[in-house]
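As a plain string of letters, each chain reads:
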Amino acid sequence: IDDNLHLSIDDKFSIGDEIFISYGDLTNLETLCNYGFVSNDNKCNFESIDIFMMRKPPCKVTISGMDGSIDQGSLATLRSYLATPTELENASNSFFMTPISDSNEEEVYCLIASFLDEAITDASEGADKIQGEDDLVETYLRKRAETLQKALQNIKKKFPLLEY
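Residues numbered from 1 in each chain as written. Predicted model: local features only at pLDDT ≥ 70, side-chain atom pairs only at ≥ 80, totals over all residues. Heavy atoms only, no water.

Across the two faces of strand S1 (residues 46-51) the burial differs, with Glu-47, Ile-49 and Ile-51 buried and Phe-46, Ser-48 and Asp-50 not buried at all. Examined bridge by bridge, S1 and strand S2 (residues 59-64) share 6 bridges and lie antiparallel to one another. Its bridge partner lying in S2, Ile-51 is registered against Cys-59. (Buried < 20%, exposed > 50% of the residue type's maximum accessible area, 1.4 Å probe, protein only. Helix = DSSP H or I, 4+ residues; strand = E, 2+ residues; numbered from the N terminus. Pairing = 2+ DSSP bridges.)

Encoded structure:
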């Protein structure tokens, strides 16, 4: 492997023109690990947390960095995990893509909120611990905490009396 970087472009440009490259649609974690930077306004960023339940496969919950929304696939999975036998029997929607009952929906969001709360604490404490030692990792952890906090705020808006 040589130490040269070769770029080619299809567009015409003049000497002195600024040329931009794209790293693609990558999350902050991917750009940190692969390229050594973190973006404060990455439109492609998302964060994930794993939810573990006894006798169930882990469920990866993905949160949008833009608005804190939670992916529908993980909501469907958790709805099915937490459904009562009667709810499962009476489920009229396919693949649990819509709520099956008010109580089930509240349980799903309560479970997610508890894992979000823990992940926010971990990211915030990690950023505080590394403050001044590694700016990139600190920035990543603070952006992670901010994204997860958006999701938790969305849940609290939806269920203001939710206790977790």
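More follows now that the structure is in view.
Here we take up helix H4 (residues 102-130). Each full turn of the α-helix corresponds to 3.6 residues, which orients residues three or four apart in the same direction. In this model, H4 (29 residues) spans 42 Å end to end at C-alpha, consistent with the 42 Å of a helix rising 1.5 Å per residue. Following H4 by one or two positions, Gly-132 has its phi on the positive side, about 85°. (Expected span 1.5 Å × (residues − 1).)

Applying the stated rule across the entire model yields 6 salt bridges. One salt bridge connects Glu-105 with Arg-79, and the closest N-O pair in it is separated by 2.7 Å. Of this pair, Glu-105 sits in helix H4 while Arg-79 is found in helix H2 (residues 72-82), placing the two residues 26 residues apart along the sequence. The exposure class assigned to Glu-105 is buried, which follows from its relative accessible area of 4%. According to the relative accessible area criterion, Arg-79 is buried, its value standing at 2%. Three or more residues joined by partner-sharing salt bridges are found here, namely Asp-128, Glu-138 and Arg-142. (Salt bridge = Lys/Arg side-chain N within 4 Å of Asp/Glu carboxyl O.)

Membership of the largest hydrophobic core comes to 23 residues, with the highest contact counts inside it found for Val-61, Ile-63, Ile-70, Leu-78, Ile-112, Leu-116 and Ile-155. Those elements that provide at least two residues to this core are S1, S2, H2, H4 and helix H5 (135-158). With 8 residues, the single largest contributor to this core is H4. Contact partners of Ile-155, with chain neighbours within four places excluded, come to Ile-70, Tyr-109, Ile-112, Ala-113, Leu-116 and Leu-162. Within the second largest apolar cluster, 7 residues are counted, among which are Leu-32, Val-38, Ala-127 and Leu-141. (Core = buried A, V, L, I, M, F, W, Y, C linked by side-chain atoms within 4.5 Å. Contact = heavy atoms within 4.5 Å.)

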